[in-house]
Amino acid sequence: MAQDKLLRVEELLLHFRTQMGAVQAVDGVSFDLDYGRSMVILGESGCGKTSMAKAILRLLPRNVSSYTGHIYLEGNELMHLNDEEYRQNIRWAAMSLVPQAAMNSLNPVLKVGDQVAEPAMVHLGVRKDEAMAQARRMFQHVGVPADFLNRYAFELSGGMRQRVAIAMALVTSPRLIVLDEPTSALDVLTQANIFNVLKRLKKELEASFILITHDIATSSELADDVAVMYAGHIVEISDAFRFFESPLHPYSKKLMASVPRLRGDKEPDFIIGQPPSLLDPPKGCRFADRCPSRFEKCGQEPPTVDKEGRKVKCWLYV
Amino acid sequence: MSINAQFETENKPGNSTLELINVQNLVKYFPVRGGVLQRVVAWVQAVDDVSFSIYKGETVGLVGESGCGKTTVGRTMLRLTEPTSGTVKFDGIDVFSLKGGELKDMRRNIQIIFQDPYASLDPRMPIGDSIGEGLKIHNIGTPRERFEIVIEMLRKVGLEDYHAKRYPHEFSGGQRQRIGIARALALRPKFIIADEPVSALDVSIQSQVLNIMKDLQREFDLTYLFIAHNLSVVEHISDRVAVMYLGKMVEFADRDELFRNPLQPYTQALMSAIPIPDPTIRRDRIILQGDVPSPLNPPKGCRFHPRCPVAMDHCKLEEPPFREISRNHWTACWRVE
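Given the structure is predicted, the values throughout are model-derived calculations rather than measurements.

Colleague: Explain the overall build of chain A residue by residue, including any values.
Modeller: Helix and strand counts for chain A stand at nine helices and 12 strands. Taking 2.2 N^0.38 as the reference for a compact globule, 318 residues should give roughly 20 Å; the C-alpha atoms of chain A span a radius of gyration of 20 Å, in line with that estimate. Expressed as lengths along the three principal axes of its C-alpha atoms, the size of chain A is roughly 65 × 50 × 40 Å. Considering chain A as a whole, with its 318 residues, one finds that 56% of them fall into the buried category. Taking as baseline every contact in chain A between residues at least 6 positions apart, the subset at least 24 positions apart corresponds to 65%.

Colleague: Please provide a residue-by-residue account of the pattern of salt bridges, values included.
Modeller: Pairing of side chains with opposite charge becomes possible as their charged atoms draw close. All names here are of chain A. Applying the stated criterion across every chain yields a total of 37 salt bridges over all chains. Here Arg58 ties to Asp83 by a salt bridge, and the two come within 2.8 Å at their closest N and O atoms. You can see Arg58 sitting in the loop between α1 (49–57) and β4 (64–73) and its partner Asp83 sitting in helix α2 (residues 83–89), a full 25 residues away along the chain. With a relative accessible area of 10%, Arg58 lands in the buried category.

Colleague: Tell me about the confidence of the model for chain B, and name the residues and values.
Modeller: Residue and element names in this part refer to chain B. Of all residues in chain B, 94% have pLDDT values of 70 or greater, and the mean over the chain is 87. In the predicted structure, residues 1–12 sits below a pLDDT of 50 and forms seven contacts with residues beyond four places in sequence or in another chain. Here the predicted complex carries an ipTM of 0.74, next to a pTM of 0.82.

Colleague: For the sheet that holds strand β9 (residues 225–230) of chain A, give the residues involved together with the corresponding values.
Modeller: Residues and elements named next belong to chain A. With mixed pairing, eight strands are arranged side by side in an open sheet as β6-β7-β8-β3-β9-β10-β12-β11. Each end of this open sheet is capped by a strand with a single partner; those strands are β6 (95–98) and β11 (304–307). Strand-to-strand twist across the sheet, computed as the mean angle between neighbouring axes with direction ignored, equals 20°. Inspection of the sheet shows strand β3 (residues 38–42) paired to β9 by four bridges, in the parallel sense. Bridging across to β9, Leu42 finds its partner in Val228. Helix-sheet contacts for helix α6 (residues 188–205) involve β3, β7 (176–180) and β8 (208–213), and the interaxial angle to β8 is about 155°. Sitting on the sheet, helix α9 (residues 250–257) touches β9 and β10 (233–239), and the angle it makes with β9 is about 100°.

Colleague: Which residues make up the sheet that holds strand β1 (residues 7–18) of chain A, and what values go with them?
Modeller: Residues and elements named next belong to chain A. On the basis of which strands lie adjacent, the open sheet formed by four strands has the order β2-β1-β4-β5 and antiparallel pairing. Both outer strands of the open sheet, β2 (21–33) and β5 (76–77), are each paired with one neighbouring strand and no more. Those strands touched by α1 are β1, β2 and β4, and its axis lies near 110° from that of β1.

Colleague: Summarise the environment of Glu82 of chain B; cite the residues concerned and give the values.
Modeller: All names here are of chain B. Note that Glu82 resides in the loop between α2 (70–77) and β4 (85–90). A C-alpha to C-alpha distance of 9.9 Å links Glu82 and Thr72, two positions 10 residues apart in sequence. Once you skip the residues sitting within four places of it in the chain, Glu82 turns out to touch Lys28 and Thr76. At a separation of 3.2 Å, a polar atom in the side chain of Glu82 contacts the side chain of Arg79.

Colleague: Got a sec to walk through the interface of chain A and chain B? Specific residues and values, please.
Modeller: In this assembly, 34 residues from chain A lie in contact with 35 residues from chain B. In this assembly, chain A packs against chain B so that about 3,200 Å² is buried in total across both faces, 57% of it on carbon and sulfur atoms. On the chain A side of the interface with chain B, the three residues burying the most area are Val188, Leu189 and Leu262 of chain A, jointly 20% of the side's total. The interface formed by chain A and chain B includes zero salt bridges. The interface formed by chain A and chain B contains four residue pairs in polar contact (both at pLDDT 80 or more). Broken down by secondary-structure element, the contributors of at least two residues to the side of chain A that touches chain B are α6, α7 (216–219), α8 (240–245) and α9 of chain A. A total of six residues in the side of chain A that touches chain B trace back to one element, the largest contributor, which is α6 of chain A.

Colleague: Explain the packing of aromatic side chains to me, and be specific about the residues and the numbers.
Modeller: The full count for this structure, using the stated rule, is 10 aromatic pairs over all chains. Here the aromatic rings of Tyr245 of chain B and Phe304 of chain B are separated by 5.0 Å at their centres, their planes lie at 80°, and the arrangement is edge-to-face. Taken as a pair, Tyr245 of chain B in strand β9 (residues 240–245) and Phe304 of chain B in the loop between α10 (265–272) and α11 (313–317) lie far apart in primary sequence, 59 residues in all. The positively charged end of Arg151 of chain A is found above the aromatic ring belonging to Phe148 of chain A, 4.1 Å away from the centroid.

Colleague: Before we move on, can you summarise the packing of helix α4 (residues 127–137) of chain B against helix α5 (residues 143–156) of chain B with the specific residues and values?
Modeller: Describing two packed helices takes the angle between their axes plus the distance from one axis to the other. Residue and element names in this part refer to chain B. The N-to-C vectors of α4 and α5 enclose an angle of 120°; their axes lie 9 Å apart at closest approach. Considering their axes alone, α4 and α5 lie oblique with respect to each other. When the axes of α4 and α5 are compared, the crossing they make is right-handed. Contact with α4, carried on its side by Ile127, Gly128, Ile131, Gly132, Leu135 and Lys136, involves Arg146, Ile149, Val150, Met153 and Leu154 of α5 and no other residues of that element. Split by residue class, the contact of α4 with α5 holds seven nonpolar, two polar and two charged.

What counts, and at which threshold
Residues numbered from 1 in each chain as written. Chains lettered and ligands numbered in written order. Predicted model: local features only at pLDDT ≥ 70, side-chain atom pairs only at ≥ 80, totals over all residues. Heavy atoms only, no water. Helix = DSSP H or I, 4+ residues; strand = E, 2+ residues; numbered from the N terminus. Rg over C-alpha atoms; globule rule 2.2 N^0.38 Å. Buried < 20%, exposed > 50% of the residue type's maximum accessible area, 1.4 Å probe, protein only. Contact = heavy atoms within 4.5 Å. Salt bridge = Lys/Arg side-chain N within 4 Å of Asp/Glu carboxyl O. pLDDT = per-residue confidence, 0-100. Pairing = 2+ DSSP bridges. Axes fitted to C-alpha atoms, helices over the stretch in contact; angles between N-to-C directions. Polar contact = N/O pair within 3.5 Å; in protein donor to acceptor, adjacent residues only side chain to side chain. Buried area = accessible area lost by both parts, 1.4 Å probe. Phe/Tyr/Trp six-rings, centres within 6.5 Å; stacked < 30°, edge-to-face > 60°. Lys NZ or Arg CZ within 6 Å of the ring centre and 35° of its normal. Parallel < 35°, antiparallel > 145°, perpendicular 65-115°, else oblique. Left-handed = near helix turned anticlockwise from the far one by under 90°. Nonpolar A, V, L, I, M, F, W, Y, C, P; charged D, E, K, R; others polar.

Written out as structure tokens, the structure is:
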């Protein structure tokens, strides 16, 4: 059973219960991720990227109405574990999350060093001084001066806080690190610095990354694989080289065309309309309403087609 | 002395007759109060001696990291915040000397599009009323005529008539930003300050808003000051681009010139950090050490010297003047000859 993959997600489904009905935030998502690779998950706001990350890490809010599918980490099925087993053995220990707006997720009344050391103490059971030594090493990895261990979050700039949050995710040496919009609130220069850190970490630590972002241009720096999400579905999975050169799905094409390029003479494109409501998504292809190449078959749910190793969920490639 | 002073003003960027906006030596310090008596204990030097001009019908992009003072420049020009010193001339009229009714009349000609489309619309007001509010304040037309202008503006930004009766929460981010544009345009201003108009939007709709702004500029003969931190967006929309660092303008040039031939080391670092959506391109990045220093106590000499990869001793001592290096290319750097 797929021993060679680090992470394998099959038909993952996460629906939320609301007063208006079930929100189908993640609706049957499958992909897999190899050791030492990084996958970028692209998509507009509200397409279910963050929900998918939360579903993989089982960080669920209370109003979940259904949560099914299979998640295999190094061949072991995680969905069979109960919450306590999951907490003890998987979260932080095997995979960790750098949450969205991580720079605001630090505790204002604890020193950042203590916060970074805490997961190591809780999940690896090491003593405080060992954990602090590990935290110090992680600070070096992400490029934060070691004397910052004794500072509070408000004494650090946005970029430094983001690095601290990344250090916290690394301190337990997990196999997989999920980064949710790690640079979206930062300036270009800081963004570039953080991405340089991530690139270096990927080489040094041999960890795998899942990077969730809507920033297509920056994501290309780190990506080995790209998955594009639209309205709760993954519509395309491809290796980064071929994706950035010629995306397959009409949505990916439009998305790529809407990125303003430096010194480009082409006017950036845009996508008319907005994504469908996930309360009652349209039958058939969910992008059909906004799609320039729609035809009669799009009224039915498109299959996921394998095209030279790339997967695309579109009738055009059947 | 007088000759010298005249010489100095003539050497500020653009003293042309075609200019619509002329900003000279704009300074804005914010007081920091502390202690029991709330005395002023320090000054945040948000904008320090910035001069530039904007010609009729052009778009000037203003870029820089967060906290460099670009928004303050925009707000001060509109007198949403009062300046510490300096002058801003709009069509030859000194904006800072205006009072009461005159100021109100001037503001009709200068409008602003705010950064956050979620926060800048009144949630309890139908958007038709929001768009028409400026018309009402300035006593333009009858209610019926005002309504017609509102409908016309809605159509111009690609919305429908019936949207006028709806509330902001019923719209998506891109639609709200277009409502913000419609509101800014309703008074038929000559000059629009757009403060990060697309940075809160998804990339798939950013260019839609930008294209609308470009079309309307042609149609109404508008002049834009486009404040943003995304250089690709600025490159796309601007005719000329100004770069700010820590309250100072460090470079100002025509767009193509600036992107092709950035002179100031900070601008060069910014340019090298621009992400390109193509994994095959290898980039040589200029990595800046450290963070932007606090504007409370900015470094002596050139404000960029602690992070500058090519700083010399002289940079620590004396502030470089903002001078014209080649035609229409202004920069402040001792390294540039």
